[in-house]
Amino acid sequence: MITNREYFYRLGNEEPATGFIWSGRIATNKPVTEKQARALIRKTEGLKRLPARTLVMSVSDLIAHKQARRSANR
């Protein structure tokens, strides 16, 4: 089980004309799983369910993805 303390999210109902912009960020004082992060996002946004196509990524996943892209572009 992978846990992180910071997650970025982009709600699936965001307007595509604005381009890709994160809807928000949550940070916790204890590590949480992505499932727990999704629950926190629902609570923060006051939603019963997250919209379809909502993207949730941990900061460590974002960093790993960026490093992989840099390696591939060399």
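Our structure's up above, just so we're on the same page.
Residues numbered from 1 in each chain as written. Predicted model: local features only at pLDDT ≥ 70, side-chain atom pairs only at ≥ 80, totals over all residues. Heavy atoms only, no water.

Here's the deal with helix 1 (residues 34-45)
Part 1 of the argument: The end-to-end C-alpha distance of helix 1, which contains 12 residues, comes to 16 Å, matching closely the 16 Å that a straight helix rising 1.5 Å per residue would cover.
Part 2 of the argument: Gly 46 lies just past helix 1 and shows a positive phi near 70°. (Helix = DSSP H or I, 4+ residues; strand = E, 2+ residues; numbered from the N terminus. Expected span 1.5 Å × (residues − 1).)

Let's talk about the environment of Asn 13
Part 1 of the argument: On the secondary structure map, Asn 13 appears in the loop between strand 1 (4-10) and strand 2 (24-32).
Part 2 of the argument: Since its relative accessible area comes to 55%, Asn 13 is described here as exposed. (Buried < 20%, exposed > 50% of the residue type's maximum accessible area, 1.4 Å probe, protein only.)

Quick notes on the pattern of salt bridges
Part 1 of the argument: In this structure the tally under the stated criterion is 2 salt bridges.
Part 2 of the argument: Across the pair Arg 38 and Glu 34 runs a salt bridge whose closest N-O atoms are separated by 3.4 Å. You can see Arg 38 and its partner Glu 34 sitting in helix 1, 4 residues apart, about one turn around the helix.
Part 3 of the argument: Residue class for Glu 34 comes out partly exposed when judged on its relative accessible area of 35%. (Salt bridge = Lys/Arg side-chain N within 4 Å of Asp/Glu carboxyl O.)

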